[in-house]
Amino acid sequence: MDVFDPDFWSMLTDPEKYRAVIETLGPWAPALAIGSVIAISFLPLPMQAAAVANGIVFGHVAGFLFTWIGAVAAAFLAFWIARLLGRPVINRFVPATALLRFQRAVDHRGTAFLLLARLVPIIPFTVVNYGSGMSPVRWSTYAVTSVIGLAPPVFVFTCLGALMETAPALAWAALVAIIALLSLIGYYKRAWLLAPPRTDDAPSQ
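Residues numbered from 1 in each chain as written. Predicted model: local features only at pLDDT ≥ 70, side-chain atom pairs only at ≥ 80, totals over all residues. Heavy atoms only, no water.

Draft legend 1. Local environment of the overall build of the protein chain. Secondary structure summary: the protein chain contains nine helices and zero strands in total. When the helices and strands of the protein chain are placed in sequence order, the string is α-α-α-α-α-α-α-α-α. Across the 205 residues in the protein chain, those meeting the buried criterion constitute 43%. Working note: accessible area of the protein chain is about 10600 Å², and carbon and sulfur atoms make up 71% of it. (Helix = DSSP H or I, 4+ residues; strand = E, 2+ residues; numbered from the N terminus. Buried < 20%, exposed > 50% of the residue type's maximum accessible area, 1.4 Å probe, protein only. Areas by Shrake-Rupley, 256 points an atom, 1.4 Å probe, with all protein chains shown as cover.)

Structure representation (structure tokens):
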């Protein structure tokens, strides 16, 4: 089992393959579930894929817990990587323009925007993580908004994964509807969210 092989992480888009790997690990299965979410934050895969996969294999309670712990750990890790390595290194992995727009939005809109970016996942996970690390946002603010803001979307996607075991048609319909809704929000609102506010808008703290 080579965790450095990109094909290994393709199991997150193949629930049966993921289940087979989990079943071979015994008591170490939760470690893989959490680790997969952390690893996916450094790969070109959506974090929601890990949430759905964990929901399918572990159910909505354990699946949510493992995914949420992994997502929070990944968010914390990326934040400190950005703080330690700085812009020249991070810009090699995340588009500089996306990071800059996010940082400006955080600077002007404050904590409410950071929480919204977690609750409504229309801004890529890596942009929120690294962008926050390279902004002046306080660690305590970032930590609280991440812990609270990541819980609802993680819960929704793990529940969808669990539902695929009992009512797959309903689960797929709900998943398509959620993706379509997020796409619409992203299309109409992401540019507005990331745009600098008007000069008469006071920054929130």
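Draft legend 2. Local environment of the packing of helix α5 (residues 96-109) against helix α7 (residues 125-133). α7 packs onto α5 with a crossing angle of 65 degrees between their chain directions and a minimal axis gap of 9 Å. Our classification of the angle between α5 and α7 gives roughly perpendicular. Crossing angle aside, the handedness with which α5 passes α7 is right-handed. Along the contact surface, α5 presents A98, L99, F102 and Q103, while α7 presents V127, V128, Y130, G131 and S132. The residue makeup of the contact of α5 with α7, split by class, is six nonpolar, three polar and no charged. (Axes fitted to C-alpha atoms, helices over the stretch in contact; angles between N-to-C directions. Parallel < 35°, antiparallel > 145°, perpendicular 65-115°, else oblique. Left-handed = near helix turned anticlockwise from the far one by under 90°. Contact = heavy atoms within 4.5 Å. Nonpolar A, V, L, I, M, F, W, Y, C, P; charged D, E, K, R; others polar.)

Draft legend 3. Local environment of a nonpolar patch on the surface. Taken together, W80, L84, L85 and W139 make up a surface patch of nonpolar side chains, about 430 Å² in accessible area. Examined against the element boundaries, W139 turns out to sit in helix α8 (residues 139-166). Residue class for W139 comes out partly exposed when judged on its relative accessible area of 30%. (Patch = residues over 30% accessible without salt bridge, like charges linked within 9 Å, V, L, I, M, F, W, Y side chains within 5 Å. Salt bridge = Lys/Arg side-chain N within 4 Å of Asp/Glu carboxyl O.)

Draft legend 4. Examining helix α6 (residues 111-119) more closely. All of the buried residues along α6 are F113, L114, A117 and R118. The buried side chains of α6 occupy one side of the element, clustering within an arc of 140 degrees when seen end-on. (Arc of directions from axis to C-beta.)

Draft legend 5. Geometry of the environment of L77. Relative to the helices and strands, L77 is located in helix α3 (residues 47-85). Put simply, L77 and Y130 are 53 residues apart on the chain and 9.5 Å apart in space, counted from C-alpha to C-alpha. With near-sequence residues (within four places) excluded, L77 lies in contact with I38 and F42.

Draft legend 6. A look at the nonpolar core. Grouped together as the largest cluster of nonpolar side chains are 43 residues, with contacts concentrated most on M47, F102 and I123. Broken down by element, the residue count for this core peaks at 14 residues, all from α3. (Core = buried A, V, L, I, M, F, W, Y, C linked by side-chain atoms within 4.5 Å.)

Draft legend 7. Expanded view of α8. Relative to the 40 Å expected for 28 residues at 1.5 Å per residue, α8 spans 41 Å between its end C-alpha atoms, a close match to the ideal helical length. Along α8, the helix axis deviates most sharply at A151, where the bend reaches about 30 degrees; the proline P152 sits within four residues downstream. (Expected span 1.5 Å × (residues − 1). Bend = angle between axes of the 7 residues up to and from the residue.)

Draft legend 8. Focus on the packing of α5 against α6. Running from N to C, α5 and α6 point in directions that differ by 130 degrees, and their axes come no closer than 6 Å. By the angle class used here, α5 and α6 are oblique. Counted together, F102, A105, V106 and R109 of α5 and T111, A112, F113, L114 and A117 of α6 form the full contact between these two elements. Partitioning the contact of α5 with α6 into residue classes produces seven nonpolar, one polar and one charged.

Draft legend 9. Representation of the packing of aromatic side chains in the model. Counted by the stated rule, this structure contains ten aromatic pairs. Between F79 and W139, the ring centres sit 5.3 Å apart and the planes meet at 50 degrees, which makes this aromatic pair tilted. Within this pair, whereas F79 is found in helix α3, its partner W139 is found in helix α8, the two being separated by 60 residues in sequence. Relative to Y142, the ring of F79 has its centre 4.4 Å away and its plane inclined at 25 degrees; by these criteria the two rings are stacked. Taken together, the residues span a long stretch of sequence, with F79 in helix α3 and Y142 in helix α8 at a distance of 63 residues. (Phe/Tyr/Trp six-rings, centres within 6.5 Å; stacked < 30°, edge-to-face > 60°.)

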